[in-house]
Amino acid sequence: MERGLFVTLEGPDGSGKSTIAPLLAKRLIDDGVDLVLTREPGGVKISEDIRSIILDPKNITMDAKTEALLYAAARRQHLIEKVLPALTDGKLVLCERFIDSSLAYQGYGRKIGFDQVYDLNMFAIEEHMPDLTIYFDIDEKTGLERIEKHRKDKDRLDSESLAFHSAVHEGYKEVLRRFKERIIIIDASRSIEEVTQAAYQVLKDNLC
């Protein structure tokens, strides 16, 4: 059996990933694709428990490096317990967020440093990088406006300042520069239907 394909969905808060991911999965399943839809942080019980700690709005005293370590720990458990077994079974793994989020959010947003966060995550994932990443591109101001309009319960990162989200966007630009060979950029300022169709076409082109 051939190894499956590991595809990650990335982008700033408000880019539409959480809405688009299940829509993409449904279309692919309807096409007969054997896939696993998952997310980070989370995807398995231990990682979901860590997620609740990271995103709890009450945890305002969390140190930046503690946050980065928690993300890496959740990622490791998720990878070992869910992602790698699915890939071994030849499935498509469609994952909302992975290492690129940490590089942008903790590397740039928390100012820990891109390379420091990269090295930390290499320890966690042992170089199991995505085969393909779809990046939903939207400016931070529009993304935050969408969150304000559509998201009733904000998590700890949603509530961060515009300056923080601007730094995250700069972090993603560095991700796009360093890993351009595996990343396809989609304009996420369009309607959900248009963005979903564009992402679906990318996946169909890469599944052939």
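Up top is the structure.
These numbers come from a predicted model, not from an experiment.

Focus on empty space enclosed by the protein
Stage number 1. Counted by the stated rule, this structure contains 1 cavity of 30 Å³ or more.
Stage number 2. The space that makes up the largest cavity amounts to roughly 40 Å³.
Stage number 3. Around the largest cavity, the lining residues are Pro 12, Asp 13, Glu 140, Leu 144, His 165 and Val 168.
Stage number 4. By residue class, the composition of the lining of the largest cavity is 3 nonpolar, 1 polar and 2 charged.

Focus on the packing of aromatic side chains
Stage number 1. Following the criterion strictly, the structure yields 6 aromatic pairs and no others.
Stage number 2. Residues Phe 6 and Phe 98 carry aromatic rings whose centres are separated by 5.0 Å and whose planes lie at 80 degrees to one another, so their mutual orientation is edge-to-face. Of the two residues, Phe 6 is situated in strand 1 (residues 5–10) and Phe 98 in the loop between strand 3 (92–96) and helix 4 (99–109); the sequence distance between them amounts to 92 residues.
Stage number 3. Where Tyr 105 meets Tyr 172, the ring centres are 6.3 Å apart and the plane angle is 90 degrees; that geometry is what we call edge-to-face. Here Tyr 172 lies in helix 7 (residues 162–178) and Tyr 105 lies in helix 4, a separation of 67 residues in the sequence.
Stage number 4. Under the relative-accessibility criterion, Tyr 105 is labelled buried at 3%.
Stage number 5. Given the relative accessible area of 1%, Tyr 172 is considered buried.
Stage number 6. Here the basic side chain of Arg 27 rests over the ring of Tyr 200, its NZ or CZ set 3.8 Å away from the ring centre.

A short note on the layout of surface pockets
Stage number 1. The calculated volume of the largest pocket comes to roughly 630 Å³.
Stage number 2. It is helix 4 that contributes the most residues to the lining of the largest pocket, 4 residues altogether.
Stage number 3. Of the residues that constitute the lining of the largest pocket, the class distribution is 8 nonpolar, 9 polar and 14 charged.

Some remarks on the nonpolar core
Stage number 1. Judged by nonpolar contacts, the single largest core of 36 residues is most densely connected at Phe 6, Val 93, Ile 99, Leu 103, Tyr 105, Ile 125 and Phe 179.
Stage number 2. Those residues in contact with Tyr 105, other than ones at most four positions away along the chain, are Gly 11, Pro 12, Asp 13, Arg 97, Arg 110, Leu 157, Phe 164, Val 168 and Tyr 172.

Remarks on the side chain of His 165
Stage number 1. Within the element layout of this structure, His 165 appears in helix 7.
Stage number 2. The contacts of His 165, once residues within four sequence positions are left out, are Asp 13, Glu 140, Leu 144, Leu 157, Asp 158 and Glu 160.

Calculation rules
- Residues numbered from 1 in each chain as written.
- Predicted model: local features only at pLDDT ≥ 70, side-chain atom pairs only at ≥ 80, totals over all residues.
- Heavy atoms only, no water.
- 1 Å grid on protein atoms, 1.4 Å probe; cavity = no way out; pocket = protein on both sides within 12 Å on 5 of 7 lines; lining within 4 Å.
- Points joined across faces, edges and corners; volume = space filled by probe spheres on them.
- Nonpolar A, V, L, I, M, F, W, Y, C, P; charged D, E, K, R; others polar.
- Phe/Tyr/Trp six-rings, centres within 6.5 Å; stacked < 30°, edge-to-face > 60°.
- Helix = DSSP H or I, 4+ residues; strand = E, 2+ residues; numbered from the N terminus.
- Buried < 20%, exposed > 50% of the residue type's maximum accessible area, 1.4 Å probe, protein only.
- Lys NZ or Arg CZ within 6 Å of the ring centre and 35° of its normal.
- Core = buried A, V, L, I, M, F, W, Y, C linked by side-chain atoms within 4.5 Å.
- Contact = heavy atoms within 4.5 Å.

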